[in-house]
Structures are given as C-alpha cells and as structure tokens.
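# Observations on the three-dimensional arrangement
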Amino acid sequence: MENESLRPEEARKLIPNELDAGHLDIQGIMSILPHRYPLLLIDRVVEITRLKRIVAIKSVSINEPFFLGHFPGFPIMPGALIVEAIAQAGGLLLLPEVPDRDVLLMVFTGIDRAKFRRPVVPGDQMRIEVDVLNWKPRAARLHGQVYVEGKLACEATVTCQLVPRQNKAVPG
C-alpha cells in the first residue's frame, strides 16, 4: 500500500532502516509496536518481505511471569499468548505501512482455525512465520505458524483492525 499523499523520502522516515534490510532488533521492534514487558512477545525479526511475510523470533524463558501460574511444576506457555505473538509479528509487518500509526492501535477482531500441536516450554525458541492473506488500509487477515525446533507448535488465522487510540485515564 503506497500513500500518495506522502513523498517517498517522507514515507521512508516512518519506517526503521532495519526494516528495509529485512531484520529488526529489539529497539526497532519497540519503535513500531506499542507493547512493552511483560506483553512484548517478539525479540527480533529475521526476515521481512514488505506487505507479504515476516519471520520473528521469541526466546521463551522460565522468567516469563505467566509461568508462575501456568502451570506450577509443569510450565507451558499459554496458547493465547502464542497467538498474540503471531498478531504482534503481523503488526510489525503492517504498522510501518500506516503513516498515522502513532495515533492508531492494531487490535484483534478475530482468531480462526487456531490449532496447538505441541507445548511451548521454557528454553524453547519460537520461530513465528506470518503471511498476509488480505490487507486493506484499516484491516488485515494474516495466517501465522509457530515452529519450535523445526516442528509446528501452533497455527492460526487472525484478523485485526486499526482503531483510534483512546488517551483516557485508566481508573485506579
């Protein structure tokens, strides 16, 4: 998606240089995604084909806060968080294409055909591969697959939509 209202040099400023090189480190990731610890679930990006595909890595540590209760004595990464990692990788792929991304959030609107093939446990490294099925200016449909040691651990199709950020105070 090209935005005709921006000159190419202006559009390029919106996207980290690493994106054009096909990879992102944690600083580049944090410049795109609004997520922060403990819900930032992408450590680095190793492959990007703009508007088509992204491959990201998440190293799973026993220090992740969800392992305290999921499950004591048998820690397994919650499936919902694995699907969230798919969505975050998709956000890394598509948000740089949105000129006004600083005033928008990309949120889930659906999760289809989620399948969990094997548990993800501390010490695993997730390879998150996401392909764009459909991309419109304000919505997307993505298919993600998560591999651990070359074996499929999870797959899901997610839909998401761009919505305005609400800068309201959270009741305390």
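Residues numbered from 1 in each chain as written. Predicted model: local features only at pLDDT ≥ 70, side-chain atom pairs only at ≥ 80, totals over all residues. Heavy atoms only, no water.

### Some points on the side chain of Glu84
On the secondary structure map, Glu84 appears in helix H4 (residues 79–94). Buried and without a salt bridge, Glu84 has Arg36 as its closest oppositely charged side chain, separated by 11 Å. Not counting the four nearest positions on each side in its chain, Glu84 is found in contact with His35, Leu41 and Phe108. (Helix = DSSP H or I, 4+ residues; strand = E, 2+ residues; numbered from the N terminus. Buried < 20%, exposed > 50% of the residue type's maximum accessible area, 1.4 Å probe, protein only. Lys, Arg positive; Asp, Glu negative; His and termini not counted. Salt bridge = Lys/Arg side-chain N within 4 Å of Asp/Glu carboxyl O. Contact = heavy atoms within 4.5 Å.)

### Some thoughts on unusual backbone geometry
With an omega of 10 degrees, the peptide bond running from Tyr37 to Pro38 counts as cis. Residue placement: Pro38 occurs in the loop between helix H3 (26–32) and strand E1 (44–49). The omega angle of the peptide bond from His70 to Phe71 is -5 degrees, so this bond is cis rather than trans. Locating Phe71 in the fold gives a position in the loop between strand E2 (53–59) and H4. Residues other than glycine seldom take positive phi values, yet Leu51 does so here, at roughly 65 degrees. By the secondary structure assignment, Leu51 is in the loop between E1 and E2. Of note, the phi angle at Glu149 is positive, near 55 degrees, even though the residue is not glycine. Tracing the backbone shows Glu149 in the loop between strand E5 (139–148) and strand E6 (151–164).

### Concerning the nonpolar core
Counting residues in each nonpolar core, the largest one holds 44 residues, and the members touching the most others are Val45, Met77, Leu92, Met126 and Ile128. Taken together, the elements giving at least two residues each to this core come down to H3, E1, E2, H4, strand E3 (104–116), strand E4 (125–136), E5 and E6. Once residues within four sequence positions are removed from consideration, Val45 is found in contact with Gly22, His23, Leu24, Ile29, Ile54, Val55, Ala56 and Leu92. (Core = buried A, V, L, I, M, F, W, Y, C linked by side-chain atoms within 4.5 Å.)

### Here we look at the pattern of salt bridges
The final tally for this structure, using the stated rule, is 10 salt bridges. Here Glu47 and Arg53 are joined by a salt bridge, their closest N and O atoms 3.1 Å apart. Put simply, Glu97 and Arg50 hold a salt bridge, and the shortest N to O gap is 2.9 Å. Of the two residues, Glu97 is situated in the loop between H4 and E3 and Arg50 in the loop between E1 and E2; the sequence distance between them amounts to 47 residues. Glu97 sits in the buried class, given a relative accessible area of 8%. Exposure remark for Arg50: the relative accessible area of 33% places this residue in the partly exposed category.

Geometric values such as these leave the question of function open.
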